[in-house]
Each structure stands twice: as structure tokens, then as C-alpha cells.
Amino acid sequence: VQLVESGGGLVEPGGSLRLSCTASGRSFSTYAMAWFRQVTGKGREFVASVSRDGTNTAYADSVKSRFTISRDNAENTVYLQMNSLAPEDTAVYYCAARLLYFTKNPNDYTYWGRGTQVTVSS
């Protein structure tokens, strides 16, 4: 499975962005998907995850009520809608996939995209 993220960029505080992650290969619906983020010099931080069928989600406390993860299995794509962005959301955002069930531990994920930069600044 190859994952390609898009949608990052520069946004002012309070603004919104929608990240997309498109997967190649078959059987996208057999993978739980997640978004992580990383700031230079720190480890990857869990942001959000979604179950294979999209019915179950989980969020980091820091983004709950501001970010929404969703997926479209027909399009092999997972999304991260980010609202009310703050400077502390600045990071490289990575999409990740693992078979069956989602977790919050980056070490559990098998496939990773190359990341997309999100910068929140005025």
C-alpha cells in the first residue's frame, strides 16, 4: 500500500485546512487509517484514527472538537478536516495504515505516507 498526502499549507490562526491521503493498491477497506504529526526533534504524535468502515473514530485530546477524520472507501481516501487551527498545530502530518484495528501507537502502523507540512502562522 502506498499512501500520498495532500492539502497542507500555510494558514492563519483560526483558519481551516483539509488534508487528504489517497492509497494505491487493493483492499483499502481492510486497513484502519490514522493521522499522526511530527515537529522537528520530537516523536510522532497521534492525531486521529478511523476504523475500516468509518464508523469508529478516535482523537487526541488536543484536537478533539476541532478536527474530524473520515474516509471514502470507494475513493481509497482518508481525510482530516482541521478547523480552528492554532500555531501549536504546526507540524508535518502523516497518514498511516494498518490491517484490521486502529490504535494510537505509531509503532503499530505498517504503511506511511511521506507527510504534508501544515504551518499555522499570522
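Predicted, not measured: the structure shown is a model, and the values here were computed from it.

*Asks:* How would you sum up the sheet that holds strand β8 (residues 77-82)? Please name residues and give values.
*Replies:* Taken in spatial order, the four strands of this open sheet run β1-β3-β8-β7, and their pairing is antiparallel. On the outer flanks of this sheet lie β1 (3-6) and β7 (67-72), each paired with one strand and no other. Mean inter-strand twist for the sheet, computed between neighbouring axes without regard to direction, equals 15°. Across six bridges, the pairing between strand β3 (residues 17-23) and β8 is antiparallel. Within β8, the residue paired with C21 across the bridge is V78.

*Asks:* Break down the environment of A34 for me, with residues and values.
*Replies:* By the secondary structure assignment, A34 is in strand β4 (residues 31-38). In this structure, the C-alpha to C-alpha distance between A34 and G14, residues 20 residues apart in sequence, is 23 Å. In this structure, A34 is in contact with A48, S49, I69, Y94, C95, A96 and Y109, ignoring residues within four places of it in sequence.

*Asks:* An account of the side chain of R66 is needed here, citing residue identities and associated values.
*Replies:* Tracing the chain through its elements places R66 in the loop between β6 (57-59) and β7. Judged by relative accessible area, which is 17%, R66 ranks as buried. Within the structure, R66 has its side chain in polar contact with the backbone oxygen of S84 (distance 2.9 Å). Leaving out residues up to four positions away in the same chain, R66 has contacts with Q81, M82, N83, S84, L85, A86 and D89.

*Asks:* Describe the environment of G43, naming the residues involved and giving the relevant values.
*Replies:* Note that G43 resides in the loop between β4 and β5 (45-50). The exposure class assigned to G43 is exposed, which follows from its relative accessible area of 55%. Distance in space between the C-alpha atoms of G43 and P106 is 9.4 Å, their sequence separation being 63 residues. The contacts of G43, once residues within four sequence positions are left out, are R37 and Q38.

*Asks:* Help me get a handle on the environment of S51, residues and values and all.
*Replies:* Looking at the secondary structure, you find S51 in the loop between β5 and β6. Among the residues examined, S51 registers a relative accessible area of 10% and is labelled buried. Sequence-wise, S51 and L99 are 48 residues apart; in three dimensions their C-alpha atoms are separated by 10.0 Å. Apart from residues no more than four positions distant in its own chain, S51 is found in contact with N56, R71 and F102. Polar side-chain contacts of S51 include one of 3.3 Å to the backbone nitrogen of T55.

Each value, and the rule that gives it
- Residues numbered from 1 in each chain as written.
- Predicted model: local features only at pLDDT ≥ 70, side-chain atom pairs only at ≥ 80, totals over all residues.
- Heavy atoms only, no water.
- Pairing = 2+ DSSP bridges.
- Helix = DSSP H or I, 4+ residues; strand = E, 2+ residues; numbered from the N terminus.
- Axes fitted to C-alpha atoms, helices over the stretch in contact; angles between N-to-C directions.
- Contact = heavy atoms within 4.5 Å.
- Buried < 20%, exposed > 50% of the residue type's maximum accessible area, 1.4 Å probe, protein only.
- Polar contact = N/O pair within 3.5 Å; in protein donor to acceptor, adjacent residues only side chain to side chain.

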